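Residue strings, one per chain:
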Amino acid sequence: MTAKVIDGKAFAATVREKVAGHVARLKEEHGITPGLAVVLVGEDPASQVYVRSKGKQTVEVGMNSFEHKLEADTSEADLLALIDQLNNDPSVHGILVQLPLPGHLNEDLVINSIDPAKDVDGFHISNVGLLGTGQKSMVPCTPLGCLMMLRDHHGSLSGMNAVVVGRSNIVGKPMAQLLLGDSCTVTIAHSRTKDLPGVVRGADIVVAAVGRPEMVPGDWIKPGAMVIDVGINRLPPEEEGGKGRLVGDCHYDSCAEVAGAITPVPGGVGPMTIACLLANTVTACCRANG
Ligand code: GUN
């Protein structure tokens, strides 16, 4: 079998179009422009790229983008003061603090200082609890994008065996909650899992989110399974004339030979994450304005 390639880039463009339609209607009918504030502390190059991309796409769908770039040695008190200001700014409907933060800042404290109604990342402990109990919440963007692609490809996921490889708060755990919400039988696998290949071989849905280049080979994949690759890893530069190739957590060629469907890297999960962030910002804006 050769897998169908799930085109996250094209799907993300359709999501952004819908978001732009909502934004236009909010402006015309209610005189409201949704606003997203992104806070970047320090100069991590990958984070700078993501933040630039988020700002550009926010403006492209007609929303206001507020970027706050702070020095790497910014104090926790100053960062919390900025978040407090954004929490109280009615023109800001979504707040995202780009992670990882420099080591001297307490990530949990910072995230939990964001107004949960503006927490478009869905990382605040209140949103985590709401998601875990099946209540209306802000849903983390990357898992949400993965779920949308799975539903779009397959329709109902009810009764399927899903294995999430990776247990991070950002992807693995919320992904498992969402799949459970769609009535999958869910396993969260991780570095201590016994017989990881055997566990993955039982999956109708594999979501790989471990951050280890090409860790999942094709012979772990059940024929016909759906493979969602969240990893974005750059191989060492010596491989490709100074600029390392981007690869996922799955070995693409061998997995694509066996799977029924697979997301490529790049062009799979990545574009959907930002599209979902824009969608979450519109949702936050609508909820804030009744
Ligand atoms: N760093 C890597 N992924 C994310 C994300 O989804 N949100 C935030 N805030 N930071 C990240």
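Chains are numbered independently. Their residues run from 1 in the order of the written sequence. The predicted origin of the model limits local features to residues at a pLDDT of at least 70 and limits the giving and counting of side-chain atom pairs to 80 or more, whereas totals for whole chains, interfaces and linings rest on all residues.

- As annotated in an unreviewed UniProt entry, the chain is Bifunctional protein FolD from Salibaculum griseiflavum.
- UniProt positions are given in the numbering used here, feature names are shortened, and annotations may be inferred rather than shown by experiment. Listed in UniProt under the heading Function (unreviewed entry), the comment for the chain reads: "Catalyzes the oxidation of 5,10-methylenetetrahydrofolate to 5,10-methenyltetrahydrofolate and then the hydrolysis of 5,10-methenyltetrahydrofolate to 10-formyltetrahydrofolate."

**Description of the pairing of strand S6 (residues 185-189)**
Logical step 1: In short, DSSP must find at least two bridges between two strands for them to pair. The way it works is that DSSP assigns letters per residue, a run of H or I at least four long becomes a helix, a run of E at least two long becomes a strand, and they are numbered from the N terminus. Two elements, strand S5 (residues 161-165) and S6, share 5 bridges in a ladder whose sense is parallel. Each bridged residue has a counterpart across the sheet, and for Asn161 the counterpart in S6 is Thr185.
Logical step 2: Chirality of the crossover, the property in question, places the unit of S5, helix H7 (residues 172-181) and S6 among those that are right-handed. If the strands point away from the viewer and the path from the first strand over the helix to the second runs clockwise, then the crossover is right-handed.

**Quick notes on the sheet that holds strand S2 (residues 35-41)**
Paired through backbone hydrogen bonds, the strands of a sheet run either parallel or antiparallel to each other.
Logical step 1: Taking strand neighbours across the sheet as the criterion, the 3 strands line up as S3-S2-S4 in an open arrangement whose pairing is parallel. Only two strands of the sheet have a single partner each, and these edge strands are strand S3 (64-70) and strand S4 (94-97). Taken pair by pair, the neighbouring strands of this sheet meet at an average axis angle of 15°, ignoring direction.
Logical step 2: Bridge count for S2 against S3 is 7 bridges, and the pairing is parallel. Along S3, the bridge assignment pairs Leu36 with Ser65. Think of each axis as a best-fit line through the C-alpha atoms, taken over the contacting stretch in the case of a helix, with angles from 0 to 180 degrees between the N-to-C directions.

**Here's the deal with H7**
Logical step 1: Of all 10 residues making up H7, 7 are buried, and the element is well covered by its neighbours.
Logical step 2: Throughout, a pair of residues is in contact if the C-beta atoms placed from their backbones lie within 7 Å. As for H7, its buried residues are in contact with helix H5 (125-132), helix H6 (141-154), S5, S6 and strand S7 (205-208).
Logical step 3: Positioned one or two residues after H7, Ser183 has a phi angle of 65°, which is positive. Between the buried cut of 20 or more and the exposed cut of 12 or fewer other C-beta atoms within 10 Å of a residue's own C-beta lies the partly exposed class, and all C-beta atoms are placed from the backbone.

**Observations regarding the environment of Arg16**
Logical step 1: Summarising the element assignment, Arg16 is placed in helix H1 (residues 8-30).
Logical step 2: Considered as a pair, Arg16 and Val51 are 35 residues apart in the sequence and their alpha carbons are 17 Å apart.
Logical step 3: Arg16 has contacts with Gln57, Val61, Ala275 and Leu278, leaving out every residue within four places of it along the chain.

**Looking at the nonpolar core**
Logical step 1: Residues Val165, Val206 and Val207 are the most contacted members of the largest nonpolar core, which totals 87 residues.
Logical step 2: A total of 11 residues in this core trace back to one element, the largest contributor, which is helix H10 (residues 269-288).
Logical step 3: All domain edges in this entry derive from an automatic or database-based domain assignment. There are two domains that each give this core at least three residues, and those are domain 1 (31-127) and domain 2 (141-270).
Logical step 4: Non-local contacts of Val165, meaning those with residues more than four positions away in its chain, are made with Ala189, Val200, Val206, Val207, Ala208, Ala209, Val210 and Val216. Defined on buried residues, the nonpolar core groups Ala, Val, Leu, Ile, Met, Phe, Trp, Tyr and Cys residues joined through C-beta atoms within 7 Å.

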